[in-house]
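So you can see what is in the structure, the chains are spelled out below.
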Amino acid sequence: MSSPGGTEHDTWPLWEVFVRASRGLSHLHAGSLHAPDAELALRNARDLYTRRNEGVSIWVVPSSEITTSDPDEKDAFFESPKGKRYRHASYYTEAEGVKHL
Amino acid sequence: MSETSFQVSIGEAFTAEDISETVEAPSKQLAKYAMRLGDDALILAQRLGWWVARAPELEEDVALCNIALDQLGHARAFLSFAGLAWAKTEDDLAYFRNESEFTNAQVFEQPNGDFAQTIARQFVVSNYQCGLYIALQASANSTIAAISAKAAKEVDYHRDHARQWMLRLALGTDESRKRIIEGLNVIWPFVDELFRDDELVEGLGASAVPPSSLRADFDKATLEVLARCEMEVPQGFVARGGGRQGIHTEFLGPLLAEMQVLARAHPGATW
Amino acid sequence: MAKNTPSFALSEQEALARFDEIIAADERIEPSDWMPDAYRKTLIRQISQHAHSEIIGMQPEGNWITRAPSLKRKAILMAKVQDEAGHGLYLYSAAQTLGIGRDQMTEDLISGKAKYSSIFNYHTPTWADIGSIGWLVDGAAICNQVPLCRASYGPYGRAMVRICKEESFHQRQGFEILLHLSRGSKAQHDMAQESVNRWYAPALMMFGPPDAQSPNSAQSMAWKIKRFSNDDLRQRFVDMIVPQSEVLGLTLPDRAIRWNEKRGHFDYGDLDWDEFNEVLKGRGPANSIRLERRKQAHDDGAWVREAAAAYAARENKEAMAS
């Protein structure tokens, strides 16, 4: 397990920034930045990542607080859903042509 | 790919260009008032622009630049509006007036000093501008009211930015505390001038806001922050002022010389 | 595609095979993937150099913020220089995902250990230089950067997408400045021509040495960090700016420029690579000024960064206690 970009010690820690582009959408990862604390991280994020009207809401999270899945375990981690096509509507072909289904 | 992860848009707002094209000219008296507001913002933007590529951290470069751009936007709107009274453009007013014709309050022309002094100046002026623009949203002149409505939201953010840094500098290290106390001592003598009424404002009635009416809220807001900062209101010397009449400290001249040098070398040119 | 290897402990050989497979499939490498050391080092070098270039690049233009000749131009220039700070930040963040800290990168920059684009070691004595930087320097940068949006390293590509999107106005505003000058008074026109004369060759050199002398290019292309060769990009740029200079009514200071029917490209003259190498080695007109300024800003800001860190530590402690 690791944190994105959180490998070195800097005077100001690294934060990950998530921006909601407009109401009704999820917050999406926009990038990261440095800030001494959460309050300034939020403000820096506003200044850096919404200069062109890109957002209506912002989340900031210390990079070190993010836990990622282990890339070396990728196969084991993400194997299970493969081959289970019956979870998708496209699997069910017999109903083709029938309306409102 | 992240192409869809953020949307970019221009956003709606009332700009300098709109004003020079669509708005009815103000009376000369109201134009002089708008010029004061514009000069305050322009001189502050010019001061803050210096920080670009000099801020304590890159994130702060971006933050100070945003504030400078907001102020420049306000200046352009007010000066465009004022210029209509004499068939002048924002640039005629910014680049071809002399020092004694600038009517900004003196606090705006005070030097940047170190980061602490810049923050102390921001702390004072953003508190002042906040109260002012909120009140001016109700101006009897619809253009002043419209410019102020946008500006009020923007300077509210400037006030928050200054407050965050006041706290961090005052309560950070011994060094930062010493510096912010010194910075505020340098700036505070110029506070009084911001709240003095004069004939121009009194003659404009409901189009303008008497500065004295903003003082109580300003004191309350600044005291609240200073208390959290464990700082005192500086006492003693009060600057004589006179900025509104074109009397300035020795810092304005060089600022204008730099700002105007190129435009004046090519009178009549367009850029 | 599903793979059969249970991957808890990939051997180095298996990891390399998988890395090569991802590159070959034109997929992206992400921060927590295994990658060869040399790939990581190349990326750190390239991304941090790119970031430093954005940050140092703020100075030659920032030089004119206080003197911009109209309020509109002042606002545009400020927004542009601000974008450069932002772009430096996006790139530093991308580099950080490779395991290098911002403090380290800053240290490498101000100690002179790290390089940045030598174009920023030229002076900007006239306002027209702001036009030339936008038109020629940003124009060249965009040619370089657009292919980088597809760089094999995910965070780099994503930063570049954002940067390219934001930079679309940079070149246009420069072109517009020159157009106004060129069509203005004689003094303004001369100012524009003189500036283009100075910036033309350095802008062409921004694409790096000719392919035959570019030591790192082949490997970077194999890794799909780089997608086109220096000379290909340079040609693309020349083909772009020749017709643009005609619209501007300005002359490019290169007598060898002429359309080559056979090649379907504009020919252009040889460049003075000795000068390029001098500037690269730190003997350009403004190398020491640029670094000194960066160092001073960093040093002058130290007490502020420390104060904010101390405040954050104290608030944290109080939050824990309560």
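Above this note sits the structure.
K.L.:
Would you take a moment to explain helix 2 (residues 28–49) of chain B for this structure?
P.N.:
An α-helix turns once every 3.6 residues. As a result, residues three or four positions apart point the same way. In this model helix 2 of chain B runs 30 Å from its N-terminal to its C-terminal C-alpha over 22 residues, within 8% of the 32 Å that 1.5 Å per residue would give. In terms of burial, helix 2 of chain B is largely enclosed, as 19 of its 22 residues are buried.

K.L.:
Would you mind showing me how to read the packing of aromatic side chains here?
P.N.:
In this description, an aromatic ring pair is defined by two values, namely the gap between the centres and the angle between the planes. One pass over the full model with this rule turns up 22 aromatic pairs over all chains. Measuring from ring centre to ring centre gives 6.3 Å for Tyr86(A) and Tyr91(A), while their planes differ by 75°; the resulting arrangement is edge-to-face. Their ring planes at 90° and their centres at 5.6 Å tell us that Tyr128(B) and Phe195(B) sit as a pair that is edge-to-face. Pair noted here: Tyr128(B) is in helix 5 (residues 115–136) and Phe195(B) is in the loop between helix 8 (191–194) and helix 9 (199–203), with a separation of 67 residues, a long-range link. Comparing Tyr128(B) with Phe195(B), the two get one shared label, buried. Taken together through their ring pairs, the aromatic side chains of Trp12(A), Trp50(B), Trp51(B), Phe115(B) and Trp165(B) make up a single cluster. One cation-aromatic arrangement involves Arg97(B) over Phe102(B); the distance from NZ or CZ to the ring centre is 4.2 Å.

K.L.:
Before we go on, may I ask you to explain the pattern of salt bridges in this structure?
P.N.:
Side-chain pairs of opposite charge can arise where the charged atoms are in close proximity. The final tally for this structure, using the stated rule, is 40 salt bridges over all chains. Glu166(C) serves as the salt-bridge partner of Arg51(A), at 3.0 Å between the closest nitrogen and oxygen. Taken together, the residues span two chains, with Arg51(A) in the loop between helix 1 (38–49) and strand 3 (57–62) and Glu166(C) in helix 6 (residues 154–182). You can call Glu166(C) buried: its relative accessible area is 3%. Asp129(C) is paired through a salt bridge with Arg198(C); the nearest N and O atoms lie 2.9 Å apart. Placement of the pair is Asp129(C) in helix 5 (residues 128–148) and Arg198(C) in helix 7 (residues 186–205), with a sequence separation of 69 residues. Where salt bridges share partners, they join Arg51(A), Arg52(A), Glu54(A), Asp83(C), Arg162(C) and Glu166(C) into one cluster.

K.L.:
What exactly am I supposed to notice about the pairing of strand 1 (residues 14–20) of chain A here?
P.N.:
Along any regular strand, the residues point their side chains to alternate faces of the sheet. All names here are of chain A. By the criterion of burial, strand 1 is predominantly enclosed, with 6 of the 7 residues buried. Strand direction decides the pairing type here: strand 1 and strand 2 (residues 27–34), joined by 7 bridges, are antiparallel. Paired with Val17 across the bridge in strand 2 is Gly31. Bridging between strand 1 and strand 3 involves 6 bridges; their strand directions are antiparallel. Pairing of Val17 across the sheet is with Val60, part of strand 3.

K.L.:
Is there a simple way to think about the sheet that holds strand 2 of chain A in this case?
P.N.:
Each strand in a sheet pairs with another by means of backbone hydrogen bonds, the pair being arranged parallel or else antiparallel. Residues and elements named next belong to chain A. Spatial ordering of the open sheet is given by 2-1-3, a layout of 3 strands whose pairing is antiparallel. The open sheet has two edge strands, strand 2 and strand 3, and neither has a second partner. Mean inter-strand twist for the sheet, computed between neighbouring axes without regard to direction, equals 25°. Packed onto the sheet, helix 1 meets strand 1, strand 2 and strand 3 and runs at close to 110° relative to strand 2.

K.L.:
Where do I start with the environment of Ser48(C) in this structure?
P.N.:
All names here are of chain C. Take Ser48: it is sitting in helix 2 (residues 37–62). For Ser48, a relative accessible area of 8% gives the class buried. Put simply, Ser48 and Thr66 are 18 residues apart on the chain and 29 Å apart in space, counted from C-alpha to C-alpha. Ignoring anything within four residues of it in the chain, the contact list for Ser48 reads Leu43 and Met105. In this structure the side chain of Ser48 is engaged in a polar contact, spanning 3.3 Å, whose partner is the backbone oxygen of Arg45.

Definitions and cut-offs
- Residues numbered from 1 in each chain as written.
- Chains lettered and ligands numbered in written order.
- Predicted model: local features only at pLDDT ≥ 70, side-chain atom pairs only at ≥ 80, totals over all residues.
- Heavy atoms only, no water.
- Helix = DSSP H or I, 4+ residues; strand = E, 2+ residues; numbered from the N terminus.
- Expected span 1.5 Å × (residues − 1).
- Buried < 20%, exposed > 50% of the residue type's maximum accessible area, 1.4 Å probe, protein only.
- Phe/Tyr/Trp six-rings, centres within 6.5 Å; stacked < 30°, edge-to-face > 60°.
- Lys NZ or Arg CZ within 6 Å of the ring centre and 35° of its normal.
- Salt bridge = Lys/Arg side-chain N within 4 Å of Asp/Glu carboxyl O.
- Pairing = 2+ DSSP bridges.
- Axes fitted to C-alpha atoms, helices over the stretch in contact; angles between N-to-C directions.
- Contact = heavy atoms within 4.5 Å.
- Polar contact = N/O pair within 3.5 Å; in protein donor to acceptor, adjacent residues only side chain to side chain.

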